[in-house]
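Coordinate inspection notes
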Amino acid sequence: MKRITSAIMILYFINPEAISQHKIFPIPLSPRIANYNISVTLDAQKKMLQGKETLIWKNVTRDRIRELQFHLYLNAFKDRESTFMKESHRTYDDSEENKWGWIRIKAMSIRGGENLTDKIEFIHPDDDNLQDHTVIRVPLKKPIKKRKTVTVDIEFEAQLPTIFSRTGYYKDFYMIAQWFPKIGVYEAADRVNSKKGTWNCHQFHSNTEFYADYGVYDVDITVPQNYTVGAVGILEEEQKNKDSTKTLKFHAEDVHDFSWTASPDFTVVEDRWNNVKIRLLTQPYKVGNISDRHIQSAKVALRYFHDLIGEYPYPNLTIVDPPLKAINASGMEYPTLITTMSIWGVPDNIKLDELVTIHEFGHQYWYGMVGNNEFEEAWLDEGITQYYETRIMDAEYGQKTSFADCFGIQVGDFQMARSDYISGNPKLAPILQPAWKYNAGGYAKFTYAKSTTMLTTFERMVGRNIMDTIMQTFFERWKFKHPTTKDFMNIVNDIVPAKLGLKYGKNLDWYFDQILSGTDICDYELTRISIFDVDTSKEKREEVKRKFNSRVLVSRLGEMKVPVEILMKFDDGKEIREKWDGQARFKLFEYSDSSKVISAIVDPENILAIDINNNNNSKTLEPSSLPFWKYTIQFMTFVQSILQSVVLF
Amino acid sequence: MYMRIFRAFGEGVRSANRSLTIIWVLYGLNLIIAGVIALLFRSTLFSALGSSLAFEQMLAGFDYSVYTDFLIKNPGKLNIIFQLVVWFVVINNFISLFFDGGIIANAQSTEKPTLKSFFAGCGEFILRFLVLFIVFLIVAIVLIFILGILSSTIYQSVANDGATEIQALSGAGAVMAVFIIPFTILILINDYARVITVANEEKKILRAFWHGTVFVLKKILSTYGLFLLCLLLTLILIATWLVLSIKFTPNTTFTIVGFFVLQQVVVFARAWMRVVSVSSQMKLYINMKSKVEEEVQIISTVPKSSTLPPIETIPESNKLIEEVSEEKKKTARIYIKRKRPISRIRGTQIKRIAKRKG
């Protein structure tokens, strides 16, 4: 008893918030730097929010912080001049159907201290766009000393936009994300390799997502009484008010964002996986097959991540399936809340619902718990998440059929991801660059597709067991700590040499540097097999023994250099495997034997998924014409059918 | 009405069965065109993947990676082939127009058609059918324009705001129905205009089109019913082809050849179905014409130079409905309803059986 009391006393002095917030986790999972108490009312007529926010923010660095920086993400939708709208290249005009949105701080002050309202200043750390109002700085008369906490009271109002990207409304459906003034991340000096720390608070770009510190959220949401609400965290209390509204109190711990959804048309479907309560908010006509698919795939994801990575610590998972016309709110992740996607009428053997649900759940681990900076190193979240999505989909639904198995066309999820990478211009940009620097289409191609292909290739190189060890270590070591690519690489370089010796050198920087920081492509080709008949009649007169000189030429067509294996097959059934470091432009293998090489394959185990052309990896001197005739005949009957069907006159 | 439809269909089937040579021609041409394109396709595939082991994976089934790697590395090659397909579809439409003349002409004949009579019919009516097509095209464009204006209103009224997939699909379905029904009727009008052109030896195309329109609209249940019956059977054949293609994965020489034969049976059946469809339309038209044909029995062929018995000696019951002009009486040629001189009809014994109205 005395020990427990002492522990509690110690805990109190270290972290006064800890005792008062022992609601979900007895021991905090994260540093709980940015803690919010927010009270918000939704005006369903005007589509506006009126909010009061108390931010309790801790300076965990040694610096004296002289200003605060906040994100005002909703201002990205205030007009066409914002950085977000300019970069999105989509047309959006204010009309009956499309409404702009914004957020305005009505008052801001330090509790018991200065009034900051008039000191708010818009800044543009990423570009010169003075019309962009998504970041503010607020200078402080009295700096925040190291290890000290500041309480900031903010009053704000927001006009919700019609859903253009992730947040807003469609009729009575609301998906409310990035809706409150959100403090940026102050990064310590050692983090930024500088003498002094700095604010990491980027503008909201078309290609960027989010980055924030962990904390505790207590949010009171007031909505009309007939609305069903889903939110991050757990519902603690629901209270009906006299003015036909109700107030719901949500509490979330060790999360870095808070979003919520409301609609009078939701149907709620509940289920459970172990200790996790799953709550699906869906459209009434999707209850049945579609809702079952979402729930089942969420359970698949929970199980896989629990087995492969670690425990999902939160007690709940909310899944939102937005209506058709709010589809721009689909496919998004928030801590303990995800928005999925489904299209009624799409057959079950096109696994779109499962793909999105599994993908968005995967974010709970990387975006949600590891919490990297999505502005600057988006691949650490999106790439790793999609890697696991393809892995789980292929394991659960078949490598060649995990996305579609329809009318004879089979498509695997990883196959699709890889083809996204290799199509178009795979040399367009490196993976490792700020997300807003990608040109149109580049963000998805490199952050998702190329990263997934890179990780899958890496897994095939080192083996699944070692890959799992790396990812488990990365998760356990860096959860709630905002790691960078360098932190990931350090783990790779610790584990791989320890497990595999010098098989891939002292470290794997040579591999990741080429792919993460470079734009080189990988393309190995089995260029030629040449057979020369060697006349041995003079050598042995007793028996004329035929001898062949077989030459196999392998070429490196791409700039990326990776060690490869080549498998040679001889006509007497013999096989020879050769290794090549893949550095030179080509390598010639020569054999002098009574049997000749009839076929050869570069990368016979298909380790190099990142090779942009697997079709040129092999050659045979005895090609089979059967597959060609099969598809020629199929094509012919297809053309015959078209000729008979398309008769217009 | 059902009896009429099935009767016409039955007669169309009999006519098609008599015209197997024609069906072989249709099928053969289809096979040749598709075969040429397919050989080009094979050549393209082989030049890109001929000696690669990767394509052998496709023998076991479709492989998306092999397929996409091929497409990405050979972007223009398949486009050329698909463009060729489009061109051949257009050419095939004109060939189809050409053949329809022969099919329809043979459908009205009770004799077993020969290739010569078939191609004679094709040649005789091609220009008229081309003009008819232009008329059809103009009307179709006007119809698209009118329906296009209405489609937005139709969509809104059915789909409401299309907030759900069901509403959006219902709206799209309503728009499609609004387009499909008038368009199928227009296609029927075109078809029967052709039938009338052949049946009545109509040289005035606008009149043929007008008569076609009147006929189809007056007998809409029968004409549309016959169309739906033929469509249903064609769809069954297409579905059979699709199911075969999806369910079976041939991967040996025996199964590939066997599968090919099965598919060609379906293609042949569709060619047969086309002749059935066109012949049935002719039969339906003949059966449902408002004018009555008298039974005309001709005992022997009448050489041009010979004299015929005067028309007054012809029994009352055999008199033609149509008035025969004095001038024509003098020439002692007997014109049957189709105004075709007897000398153009071969054979020694010809019986024409007419139906009385009502």
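One can find the structure itself at the top, above this paragraph.
A brief structural summary. (Residues numbered from 1 in each chain as written. Chains lettered and ligands numbered in written order. Predicted model: local features only at pLDDT ≥ 70, side-chain atom pairs only at ≥ 80, totals over all residues. Heavy atoms only, no water.)

Let's talk about the overall build of chain B
Helices and strands together make up the secondary structure of chain B, namely ten helices and two strands. Ordered by position in the sequence, the α and β elements of chain B form the string α-α-α-α-α-α-α-α-α-β-α-β. Looking at chain B as a whole, 44% of its 358 residues qualify as buried. Expressed as a percentage of contacts within chain B between residues at least 6 apart in sequence, the contacts between residues at least 24 apart total 75%. Total accessible area on chain B is roughly 19400 Å²; 68% of this is exposed by carbon and sulfur atoms. (Helix = DSSP H or I, 4+ residues; strand = E, 2+ residues; numbered from the N terminus. Buried < 20%, exposed > 50% of the residue type's maximum accessible area, 1.4 Å probe, protein only. Contact = heavy atoms within 4.5 Å. Areas by Shrake-Rupley, 256 points an atom, 1.4 Å probe, with all protein chains shown as cover.)

Details of the overall build of chain A
Across its full length, chain A holds twelve helices and 31 strands. With the C-alpha coordinates aligned to their principal axes, the bounding extent of chain A is approximately 110 × 75 × 55 Å. Taking all 649 residues of chain A together, 58% fall into the buried category. Excluding contacts between residues fewer than 6 apart, the proportion of contacts in chain A whose partners are at least 24 apart in sequence is 71%. With 81 positive and 87 negative side-chain charges, chain A shows a spacing of 4 Å between the two charge centroids. (Lys, Arg positive; Asp, Glu negative; His and termini not counted. Charge placed at Lys NZ, Arg CZ, Asp CG, Glu CD.)

Concerning the sheet that holds strand 3 (residues 65-71) of chain A
Residues and elements named next belong to chain A. Taken in spatial order, the four strands line up as 5-6-3-10 in an open sheet, and their pairing is antiparallel. At either margin of the open sheet sits one strand with a lone partner, and together these are strand 5 (121-122) and strand 10 (182-183). Sheet analysis places strand 3 next to strand 6 (residues 135-144), joined by six bridges and oriented antiparallel. Opposite F70, over in strand 6, you have I136 as the bridge partner. (Pairing = 2+ DSSP bridges.)

What about the pattern of salt bridges?
Pairing of side chains with opposite charge becomes possible as their charged atoms draw close. Residues and elements named next belong to chain A. A complete count under the given rule lists 43 salt bridges over all chains for this structure. For R293, the salt bridge identified is with E354, shortest N-O distance 2.9 Å. You can see R293 sitting in helix 4 (residues 289-308) and its partner E354 sitting in helix 5 (residues 352-370), a full 61 residues away along the chain. A residue is classified by how much of its surface remains accessible, and R293, at 8% relative accessible area, is buried. (Salt bridge = Lys/Arg side-chain N within 4 Å of Asp/Glu carboxyl O.)

Examining a positive patch on the surface
All names here are of chain A. Positive charge collects at one region of the surface, where R64, R66, K142, K145, K148 and K196 lie side by side. Within the secondary structure, K145 is located in the loop between strand 6 and strand 7 (149-159). K145 sits in the partly exposed class, given a relative accessible area of 46%. (Patch = residues over 30% accessible without salt bridge, like charges linked within 9 Å, V, L, I, M, F, W, Y side chains within 5 Å.)

Things to note about the sheet that holds strand 19 (residues 276-282) of chain A
Residues and elements named next belong to chain A. Sheet architecture is open: five strands sit in the order 18-19-20-22-21, paired in mixed fashion. Looking at strand neighbours, the two that pair on one side only are strand 18 (267-273) and strand 21 (332-334), the edges of this open sheet. The average angle at which neighbouring strand axes cross in this sheet is 15°, direction not considered. Judged from the three bridges that link them, strand 20 (residues 316-320) and strand 22 (residues 337-339) form a sheet pairing that is parallel. For T318, the partnering residue across the bridge sits in strand 22 and is L337. (Axes fitted to C-alpha atoms, helices over the stretch in contact; angles between N-to-C directions.)

So, the pairing of strand 15 (residues 234-240) of chain A
Residues and elements named next belong to chain A. Bridge analysis of strand 15 against strand 16 (residues 245-255) gives six bridges, and the strand direction is antiparallel. From the neighbouring strand, K240 faces strand 16, where its bridge partner is K246. Taken together, strand 15 and the strand that follows it, strand 16, pair antiparallel across an intervening segment of four residues, in which S244 is found at a positive phi of about 65°.

Structural notes on the nonpolar core
In terms of nonpolar packing, the biggest core is built from 204 residues, with A:W57, A:W179, A:F258, A:W260, A:W366 and A:F488 touching the most fellow members. If near-sequence neighbours (up to four positions away) are discounted, A:W366 is found in contact with A:F305, A:I309, A:G371, A:N372, A:L380, A:D381, A:I384, A:T385, A:Y388, A:M471, A:F474 and A:F475. Ranked by size, the runner-up nonpolar core spans 58 residues in total, among them B:F136, B:A140, B:I205 and B:L237. (Core = buried A, V, L, I, M, F, W, Y, C linked by side-chain atoms within 4.5 Å.)

Notes on the side chain of A:S259
Residue and element names in this part refer to chain A. Examined against the element boundaries, S259 turns out to sit in the loop between strand 16 and strand 17 (260-263). By relative accessible area, which is 0% here, S259 ends up buried. Aside from chain neighbours lying at most four places away, what touches S259 is M175, I176, A177, W179, A231, V232, Y334 and L337.

With respect to the packing of helix 6 (residues 379-397) of chain A against helix 7 (residues 413-422) of chain A
All names here are of chain A. Put simply, helix 6 and helix 7 touch, their axes get as near as 8 Å, and they point 145° apart. Where helix 6 abuts helix 7, its residues Q386, E389, T390, M393 and D394 lie against D413, F414 and A417. Its residues placed into classes, the contact of helix 6 with helix 7 shows three nonpolar, two polar and three charged. (Nonpolar A, V, L, I, M, F, W, Y, C, P; charged D, E, K, R; others polar.)

Let's talk about unusual backbone geometry
Across the chain, the bulk of peptide bonds are trans and the bulk of non-glycine residues have phi less than zero. Phi at A:T336 takes a positive value of approximately 60°, unusual for a residue other than glycine. Assessed through its relative accessible area of 1%, A:T336 is described here as buried.

What to know about the interface of chain A and chain B
With 57 residues of chain A in contact, the opposing surface of chain B contributes 72 residues. When chain A packs against chain B, close to 5900 Å² is buried across both sides, 65% of that on carbon and sulfur atoms. In this structure, the connection of chain A to chain B is made through three salt bridges. For the pair chain A and chain B, the interface holds 26 residue pairs in polar contact (both at pLDDT 80 or more). Looking at the side of chain A that touches chain B, the elements that each hand over two or more residues are strand 24 (409-411), helix 7, strand 30 (597-602), strand 31 (618-620) and helix 12 (626-645) of chain A. (Buried area = accessible area lost by both parts, 1.4 Å probe. Polar contact = N/O pair within 3.5 Å; in protein donor to acceptor, adjacent residues only side chain to side chain.)

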